[in-house]
Amino acid sequence: MTQTPLNPGDSPLVREALSSVVSRETSATQAVTQAGDAPGGAESTWPRPPKCRVIAVANQKGGVGKTTTSVNIAAALSMNGQRVLVVDLDPQGNASTALATEHRGDVPDVYQVLVDDLPMADIVKQVPDMPGLYCAPATIDLAGAEIELVSLVAREARLRRALTAYEAELDYIIIDCPPSLGLLTVNALVAAEEVMIPIQCEYYALEGLGQLLRNVDLIKAHLNPTLRLSTIVLTMYDGRTRLASQVAEEVRAHFGDTVLNTVIPRSVRLSEAPSYGQSVMTYDPGSSGAMAYMDAAREIAHRAATV
Ligand code: ADP
Ligand code: MG
């Protein structure tokens, strides 16, 4: 019987994933204000970034918390005075569902922006009861975009072009990527300046990370020189397991300050909220998941002040 090594660092797989990234540790490390210093409880208006921060939330693994992170960070930022657009780039449309934004039938969506050159302004919707929060929905049509984009001019830069032409006053654009490294994710990485990677605190969490980071490097070298890995967020942390804390430790050892201090715990409320068309920030603001995402968003907002 094969035994799962207790220490993820013992695994050749993890070593491979991490060895390719260890060298970028220093450059990825950036000055961070101690966002955790802010007193809990009452929220004030957070500092606005000097210019709109475009953040691609990417990881080609499914079910690691990309959508949950995109939606709840966006909601938390908007509740603290930021103007935030969530771009749903996953044909499953989970972010659109969680933000109560229609994405069935023939509603205009991101597919039409990418493939038919529809202006962004024609698809963006204000999220109900969430001032300052907007959603660009994805319908199932987007599933065809991976193939249809191949033959289009500037196929990697369609999203960037659409966002550049979109003149809304925004502080954050958060792009929820699909679980693949295809042309949709490439479009997100070309449009963004920052990559945020959610890492699930479990054994296989680091599998594929090397490949994702190599893609980020390739895109940086050839298509988008301003792209950088700005944020890693540890998700679905179960404090009762030794493995979760070991994965967290490994990730922190290799990525340093890129990893948010805040860790997102496993919380049933986080998985319930989308079926009510809400982020957990309004569904159950006192839950551990909501409080963690509020802290995570505060860290991100305060990092903006030092970028
Ligand atoms: P991805 O977008 O990477 O595929 P999701 O954000 O959709 O991942 O998360 C996958 C599933 O796990 C969803 O059902 C979601 O509700 C649930 N989930 C995400 N984060 C947590 C968490 N911290 N605690 C409990 N469930 C979570
Ligand atoms: Mg998702």
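Our subject is the structure listed above.
Predicted model only: the values in this text are computed from it and were never measured.

(A) Structural view of the side chain of serine 96. By secondary structure assignment, the location of serine 96 is in helix 4 (residues 94-98). Aside from chain neighbours lying at most four places away, what touches serine 96 is Asp88, Thr101, His103, Cys135, Pro137 and Ala138.

(B) Highlighting the side chain of glutamate 299. Tracing the chain through its elements places glutamate 299 in helix 13 (residues 288-304). There is no salt bridge for the buried glutamate 299, and the closest opposite charge comes from arginine 303, which lies 4.2 Å off by N-O distance. A distance of 3.0 Å separates the side chain of glutamate 299 from the backbone nitrogen of asparagine 261, its partner in a polar contact.

(C) Fine view of the pairing of strand 4 (residues 133-136). Examined bridge by bridge, strand 2 (residues 84-88) and strand 4 share 4 bridges and lie parallel to one another. Of the residues in strand 4, the one forming a bridge with valine 84 is leucine 133. With 2 bridges joining them, strand 3 (residues 125-126) and strand 4 adopt antiparallel strand pairing. Bridging from a neighbouring strand, glutamine 126 pairs with tyrosine 134 of strand 4. The antiparallel hairpin formed by strand 3 and strand 4 contains 6 residues in its connecting segment, where aspartate 129 sits at a positive phi of about 60 degrees.

(D) Spatial organisation of the site of ligand 1. In the vicinity of ligand 1, 14 residues are found, and the nearest of them are Gly63, Thr67, Thr68, Pro265 and Ser267. Between an oxygen atom of ligand 1 and a side-chain N or O atom of threonine 67, the distance comes to 2.9 Å. Contact between ligand 1 and threonine 68: an oxygen atom at 2.5 Å from a side-chain N or O atom of the residue. Here ligand 1 loses 77% of its free accessible area of 560 Å² to cover by the protein chains.

(E) Quick look at the packing of aromatic side chains. Per the stated rule, a full pass over the model turns up 2 aromatic pairs. Consider the rings of tyrosine 203 and tyrosine 204, whose centres lie 5.1 Å apart with planes at 65 degrees: the pair is edge-to-face. Where tyrosine 276 meets tyrosine 283, the ring centres are 4.9 Å apart and the plane angle is 25 degrees; that geometry is what we call stacked. With a relative accessible area of 21%, tyrosine 283 lands in the partly exposed category.

(F) Spotlight on the pattern of salt bridges. For the structure shown, the criterion picks out 12 salt bridges. Across the salt bridge formed by aspartate 171 and arginine 48, the nearest N and O atoms sit 2.9 Å from each other. Separated by 123 residues along the polypeptide, aspartate 171 in the loop between helix 7 (158-165) and strand 5 (172-176) and arginine 48 in the loop between helix 2 (25-28) and strand 1 (53-57) bring together distant segments of the chain. Classification of aspartate 171 as buried rests on a relative accessible area of 4%.

(G) Highlighting helix 3 (residues 66-78). Look at helix 3: 18 Å from first C-alpha to last across 13 residues, which is about the 18 Å you get at 1.5 Å a residue. Judged by how many residues are buried, helix 3 sits mostly within the fold: 12 of 13 residues are covered. Residues Lys66, Thr67, Thr69, Ser70, Val71, Asn72, Ile73, Ala74, Ala75, Ala76, Leu77 and Ser78 constitute the buried set of helix 3.

(H) The arrangement of the layout of surface pockets in detail. Considering only enclosed or pocket space, the largest pocket measures out at about 500 Å³ in volume. With 5 residues, helix 3 is the single largest residue contributor to the lining of the largest pocket. Class assignment for the residues of the lining of the largest pocket results in 13 nonpolar, 13 polar and 4 charged. By volume, the second largest pocket amounts to about 360 Å³. If you trace the second largest pocket, you find 16 residues lining it, with Cys52, Val54, Leu163, Thr164 and Ala191 closest to the centre. Of all the secondary structure elements, the ones that give two or more residues to the lining of the second largest pocket are helix 7 and helix 8 (183-191). Among the residues forming the lining of the second largest pocket, the class breakdown is 10 nonpolar, 3 polar and 3 charged.

What counts, and at which threshold
Residues numbered from 1 in each chain as written. Chains lettered and ligands numbered in written order. Predicted model: local features only at pLDDT ≥ 70, side-chain atom pairs only at ≥ 80, totals over all residues. Heavy atoms only, no water. Helix = DSSP H or I, 4+ residues; strand = E, 2+ residues; numbered from the N terminus. Contact = heavy atoms within 4.5 Å. Buried < 20%, exposed > 50% of the residue type's maximum accessible area, 1.4 Å probe, protein only. Lys, Arg positive; Asp, Glu negative; His and termini not counted. Salt bridge = Lys/Arg side-chain N within 4 Å of Asp/Glu carboxyl O. Polar contact = N/O pair within 3.5 Å; in protein donor to acceptor, adjacent residues only side chain to side chain. Pairing = 2+ DSSP bridges. Near = heavy atom within 4 Å. Areas by Shrake-Rupley, 256 points an atom, 1.4 Å probe, with all protein chains shown as cover. Phe/Tyr/Trp six-rings, centres within 6.5 Å; stacked < 30°, edge-to-face > 60°. Expected span 1.5 Å × (residues − 1). 1 Å grid on protein atoms, 1.4 Å probe; cavity = no way out; pocket = protein on both sides within 12 Å on 5 of 7 lines; lining within 4 Å. Points joined across faces, edges and corners; volume = space filled by probe spheres on them. Nonpolar A, V, L, I, M, F, W, Y, C, P; charged D, E, K, R; others polar.

Don't take any of this as a statement about function, it's just geometry.
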